[in-house]
Amino acid sequence: MPLRALPLIVQPLVGESAVGLVMRLADVNGLSYPWLFERIAGGRHNPDKWGDERWQMLAEILLLDISELDGMRRRPTGDRRIRNAVTFLGNAVRPTYLTFDRMRLCPHCVAEGGVMREAWKLAHWTACLEHETYLVDACDCGRPLHIIRRGLWPDECVCGKPFGEIVTTTASKQALVATRWLVQLFGPHHTATAPRLWLDGRQLGPPFNGLSRTIAPCVARIDADDLDLPVFELPLPETEAMHTIDALGILELIGRVATTPATDDRARPGRNPNLTGRDGVVEPVAQSIALVEAAMPVITGWPGSWHQLAAEVAGRNGLAGDDTPADLFATDMGRLMLDPYLGVDGYPITVLSDETRRWLETRGYRMRPRAVARSSDVAKRLLGVLPLKDIAKRLRGRIGPGVRRSYHQALKELDRADISHLTDEQLAEALLARVQQLLKAVEGHVSVNVIAETLCSRERRTGGAVWVDPRLLRPVTIEITAHARYKGDVFVMAEVMAMRERLAGAARRVRRNAVPDNFEKYGDVTQGTVSTLYTASDLIVDILSGKVPSVTTAAKPTLADLWIPRHAVERLALAARVRAAVTADRFMTASSITDITNRLWGARHREFTKLMRRLRDTHVLRFEETLDERHDKVRYSMAVTDCLREAEAMFGPSGIDGVDTVIGELKGCSSAKRPEHRTRSRAAIRNVEKVKKVRREVVPIRTVAHDGKTIKSGQITP
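Every chain is numbered independently, its residues counted from 1 as its sequence is written. Totals for whole chains, interfaces and linings use all residues, but because this is a predicted model, local features are given only for residues with pLDDT of at least 70 and pairs of side-chain atoms are given and counted only at 80 or more. To get the side-chain values, take all heavy atoms of the structure and skip hydrogens and water.

Visitor: I keep staring at unusual backbone geometry and nothing clicks. Help me out?
Guide: Phi is mostly negative for residues that are not glycine, and the peptide bonds are mostly trans. In this structure, the amide linkage connecting W302 to the following residue, P303, adopts the cis form with an omega of 0°. With respect to the helices and strands, the residue P303 is situated in the loop between α8 (285-300) and α9 (304-313). The backbone of L63 shows a phi angle near 60°, a positive value even though the residue is not glycine. One non-glycine residue, L89, adopts positive backbone phi at about 55°. Where helices and strands are cited, they refer to DSSP runs of H or I of at least four residues and of E of at least two residues respectively, numbered from the N terminus. Along the chain, L89 falls in the loop between β1 (86-88) and β2 (91-93). Only protein chains enter the accessibility calculation, which uses a 1.4 Å probe. A residue is then buried if its area is under 20% of the maximum for its type, exposed if over 50%, and partly exposed in between. We classify L89 as buried; its relative accessible area is 4%.

And the structure:
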């Protein structure tokens, strides 16, 4: 029999899950539930992971349009503010708060022929309000209740025990209160909760009373006379509900902190304010019950219960100290209290973070000001006229760091201005115009990271600081300091793009097989040639000026795409070394001078090395001497300027432009300083002779054994 021609069909019920719907479909047709589910699922047992094809197949079997199954489908919400959110019971929920292959159910509801509810998939839904018992996720035999693994009948375990006969336990008051809260949060109509329970304990204490709806979202379908309620209860004020994700985040976070003992609370040195909730692992129902039962007393006893919990968590990491709030809460649970999960608005959940802030202030800690959008009078006034998400849609379609910071900067300015004469619409236009101005200024400037990616390497293997040089790129200060970490730490985008054109124009483009043999990658050359005297910035300047030839195989090259000759860079680096030594009139050892002359004149430098001592003794070369006490020896250092002058007179020009220019300037240099150096050298010699004379006066003699005889230690005076 074809699957799409079942003799009997059923209609989906309000609040029913896809698993429950397939169970009823298999039951009325006398089919094996695993067999029918496999045919529909096509191997993907979890309905939350079904594609449109599988849902279309189920809709055709039931003779329905696929849109009529939207209540039990998990689809992306499309809201860019919420990461990975899906639809669930008419609300947006993160999938990490939903159970998957492991089922949860109320045995009493199943035994009475009730609906297999979609709400039971919520991790924090732990009790049945109708029967006041805990939900179960395992049979009495110990096997977990799985979506596909069943017995002969759809509503029985593999062991043969019906779901309706599984032993249950009476739920605690806290679990029931939490479930009522969730009923009001999602809406009683979506959760298929009995009408007599809709208004039972409809509100929690402040500030959580604003997190629940006091009336059902489908009021028009309900006859108030059928609810059997006192007259004074109606009409009820309708409150604005907090977003479902924020409410579940509050329940999850408080439960985690309250159920984690100090022995399991690990030390955590760094802060991470970007947490969005649990990591996706859904615990068994027993752990969810413990979490909910620990969270509800804190919520109902707010704020004193939260302060008490903060006192228990604070200081668990004794090594971190208590100088700052980050030190005081330097554990996993402490970080959750200090930086709660991010809410839908992109900020840590206000109900939790503000109360932690108040507790810290009572302890004498000075806190940073809150985000402008959470404290600005202009933002509160325009909340329903021009919120941040609408500004983003009108400007660039998304909320990024640039839009957010421009928005905050504009709010600061308008808070300081006189706006009493402006209507809400005029104020909204003024705010939008200012945000556009600030964004334009920001888009015209970039950070050093963008320079690194644009000019150095697309993989950012090298930093962009090499371009921060007066000869290349200069940092500028813009009006909006909120966009820069430090003042002046931004650069004009036009100058960066112009520098990119200069870099492309300085390099000759060739085929990969046409790169000259003596050319190497820019990065390989800089590793061996760049130093404190010849920096990477100097090399870039020489490449742009043409002193260092360069080729590339890319149309728009970065530094990493350039090929340059090593010998040309080494000559420029040597010229910079010589220029610095001559300018400072340095005195170097014979080995250092030998290294320089070898690089300049090659093997011929040996002739000068042989004459160096004679030139020093005849005072042709200025020199300084120091005493090496360890080896009892006098060390000599010669003037680099004099050595280069004599070597150039002996061998002629070196052939390196920068070096020959410096040496040519030395030829006309006066030798008036030489007697001064000789006088200083003679004084140094006299000091050395005094030290030697003192050290010869008392000489220790060691004990030495010779031919079996021992000479005793003593002192002699020569």
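Visitor: What should I look at first to understand the pattern of salt bridges in this one?
Guide: In a structure, side chains of opposite charge can pair up when their charged atoms sit close to one another. For salt bridges, the criterion is a side-chain nitrogen of Lys or Arg within 4 Å of an Asp or Glu carboxyl oxygen. According to the stated counting rule, one finds 27 salt bridges in the structure shown. E283 is paired through a salt bridge with R278; the nearest N and O atoms lie 3.2 Å apart. Looking at E283, the relative accessible area reads 24%, which means it is partly exposed. Ionic pairing is found between D538 and R471, a salt bridge with its closest N-O pair at 2.6 Å. Of this pair, D538 sits in helix α21 (residues 536-545) while R471 sits in the loop between α18 (448-456) and β6 (491-492), and the two are 67 residues apart along the sequence. Each member of the salt-bridge network shares a partner with another, and the members are D48, R74, E118 and K121.

Visitor: How should the sheet that holds strand β11 (residues 587-588) be read in this particular structure?
Guide: Sheets are built from strands that pair by backbone hydrogen bonding, the pairs being arranged parallel or antiparallel. One requirement defines pairing of two strands: DSSP has to find at least two bridges between them. Reading across from one edge, β11-β13-β12 is the order of the three strands in this open sheet, with antiparallel pairing throughout. Looking at which strands have only one partner, the edges of the open sheet turn out to be β11 and β12 (623-628). Direction of pairing for β12 relative to strand β13 (residues 633-639): antiparallel, over a ladder of six bridges. Its bridge partner lying in β13, E625 is registered against Y636. Pairs of residues are marked as contacts when any of their non-hydrogen atoms sit within 4.5 Å. Helix axes use the C-alpha atoms of the stretch in contact, all axes being lines fitted to C-alpha atoms, and the angles between their N-to-C directions lie in the range 0 to 180 degrees. Across the sheet, helix α25 (residues 640-651) touches β11 and β13, and the angle it forms with β13 is around 65°.

Visitor: So what exactly am I meant to see when it comes to the sheet that holds strand β9 (residues 551-552) here?
Guide: Across the sheet, which stays open at both edges, the four strands sit in the order β7-β9-β10-β8 with mixed pairing between neighbours. Taken across any chain shown, the strands that pair with only one partner, and hence form the sheet edges, are β7 (508-509) and β8 (519-521). Relative to β9, β7 is paired through two bridges, and the arrangement is parallel. Note on β9: the bridge partner recorded for R508 is V551. Along the sheet face, helix α20 (residues 522-529) touches β8 and β10 (562-565) and points at about 90° away from the line of β8.

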